[in-house]
Structure formats: structure tokens, C-alpha cells
Amino acid sequence: MASIRKEITVEVGADLAWSMLRQMDQAHKAFAPVLTDCRMEGDARIVTFASGMVAKELIVDIDDAAKRVVYAVVDGAPVHHNASFEVFAEGDGRCRIVWITDVLPHSFLEVAGPLTDAGNAALKRNLEAL
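So, a few notes on the structure that sits alongside this text. (Residues numbered from 1 in each chain as written. Predicted model: local features only at pLDDT ≥ 70, side-chain atom pairs only at ≥ 80, totals over all residues. Heavy atoms only, no water.)

**A look at the nonpolar core**
Here is step 1 of the chain: In terms of nonpolar packing, the biggest core is built from 31 residues, with Phe31, Phe85, Ile97 and Leu123 touching the most fellow members.
Here is step 2 of the chain: No other element matches helix H1 (residues 14–21), which puts five residues into this core.
Here is step 3 of the chain: Residues Ile4, Val103, Phe108 and Ala112 belong to the second largest nonpolar core, which totals five residues. (Core = buried A, V, L, I, M, F, W, Y, C linked by side-chain atoms within 4.5 Å. Buried < 20%, exposed > 50% of the residue type's maximum accessible area, 1.4 Å probe, protein only. Helix = DSSP H or I, 4+ residues; strand = E, 2+ residues; numbered from the N terminus.)

The structure is reproduced here in C-alpha cells:
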């Protein structure tokens, strides 16, 4: 199994960052232009990537106290995919976001790695523009 762990520091408060990340139906706004569309289907969201790839992500948990969301791709390219975002306050007007993704097969890292990097860059840019 391949694991990706990325951290970014964002120049916005943890509460503001969390308010955007916890909106499961707004992922395309948080991660634009990497994601171009997002819609809810029960407890899952259907996300469309700029490449045209579509994935169905089951929302496993939204923990407001911990500022953590967990989701898993249940219909898409990887055999296994589980990921989480967690927001940590780093003082006034700054936070750290930790994104952990586990995928199978290991070779899917070639797809997931660049998407995670692009997603982090987009998230930072979009949050800091609020």
C-alpha cells in the first residue's frame, strides 16, 4: 500500500479553513481548478477532476471537534483509497492542514501523488483568497 502524507501551512485561521473543508458538496470550490465539479449522492460525493476522471467518495466521518474529515473512494480507479484532512490551529490567522491518503495498488501513487500536490497548492491558494 502506498501512503501519502502532506502538510501545508495556510495564512488563514483554523476555523475558516475548517468551514470550507467540512462542506462536502463544495470540494470543487476548495480545490479548483483541480476539481471542476462536486455533487452529493446520499453519503457520498461525486467529484470530477480537471482531467475528466470521476470518483465517488464515501464520506466516512466529519468530526467538527477535531476539525477532521475522512473519506474513501468507493467507485473509481484505485482498488483501495482512504484519506483524511485535519486542520490544526497555528496561532491567530494561520493553520496547518494535514492530508493523509492510503491507496492500492501501489502503482496508483503515480496518479495520486501529483493530484495531492496540485490539490494542496489549489487549497492553499483558494483558502488564502477568502
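The structure having been displayed, the exposition proceeds.
**Looking at the pairing of strand S4 (residues 54–63)**
Here is step 1 of the chain: Bridge analysis of strand S3 (residues 44–49) against S4 gives five bridges, and the strand direction is antiparallel. By the bridge assignment, Thr48 is partnered in S4 with Val54.
Here is step 2 of the chain: In this antiparallel pair of consecutive strands, S3 and S4, the connection spans four residues, and Gly52 shows a positive phi of 100°.
Here is step 3 of the chain: As paired strands, S4 and strand S5 (residues 68–75) are joined by seven bridges and run antiparallel to one another. When the sheet's bridge partners are listed, Asp61 is paired in S5 with Val70. (Pairing = 2+ DSSP bridges.)

**Regarding unusual backbone geometry**
Keep in mind that most residues, glycine aside, have a negative phi and that most peptide bonds are trans.
Here is step 1 of the chain: In this structure, Pro33 follows Ala32 across a cis peptide bond, with omega equal to 5°.
Here is step 2 of the chain: Following the sequence through the fold, Pro33 ends up in the loop between helix H2 (27–30) and strand S2 (35–41).
Here is step 3 of the chain: Put simply, Leu104 and Pro105 share a cis peptide bond, and its omega is -5°.
Here is step 4 of the chain: Positionally, Pro105 belongs in the loop between strand S7 (95–104) and helix H3 (109–128).

**Quick look at the environment of Met20**
Here is step 1 of the chain: When you line up the elements, Met20 lands in helix H1.
Here is step 2 of the chain: Exposure remark for Met20: the relative accessible area of 14% places this residue in the buried category.
Here is step 3 of the chain: Separated by 13 residues in the primary sequence, Met20 and Glu7 place their C-alpha atoms 17 Å from one another.
Here is step 4 of the chain: If we ignore the near neighbours within four places in the chain, the residues touching Met20 are Lys29, Ala30, Leu127 and Leu130. (Contact = heavy atoms within 4.5 Å.)

**Some details on the packing of aromatic side chains**
Here is step 1 of the chain: Inspection of every chain in the model, using the stated rule, returns four aromatic pairs.
Here is step 2 of the chain: Here Phe31 and Trp99 contribute two aromatic rings whose centre-to-centre distance is 5.8 Å and whose plane-to-plane angle is 50°, an arrangement assigned as tilted. Remark: Trp99 occurs in strand S7 and Phe31 occurs in the loop between H2 and S2; sequence separation between them is 68 residues. This pair shows no difference in class: Phe31 is buried, exactly as Trp99 is.
Here is step 3 of the chain: Centre to centre, the rings of Tyr71 and Phe85 are 6.2 Å apart; their planes meet at 20°, and the pair counts as stacked. Taken together, the residues span a long stretch of sequence, with Tyr71 in strand S5 and Phe85 in strand S6 (residues 80–89) at a distance of 14 residues.
Here is step 4 of the chain: Among the residues examined, Tyr71 registers a relative accessible area of 4% and is labelled buried.
Here is step 5 of the chain: Grouping aromatic residues by their ring pairs yields a cluster made of Phe31, Tyr71, Phe85 and Trp99. (Phe/Tyr/Trp six-rings, centres within 6.5 Å; stacked < 30°, edge-to-face > 60°.)

That is the geometry; function is a separate question.
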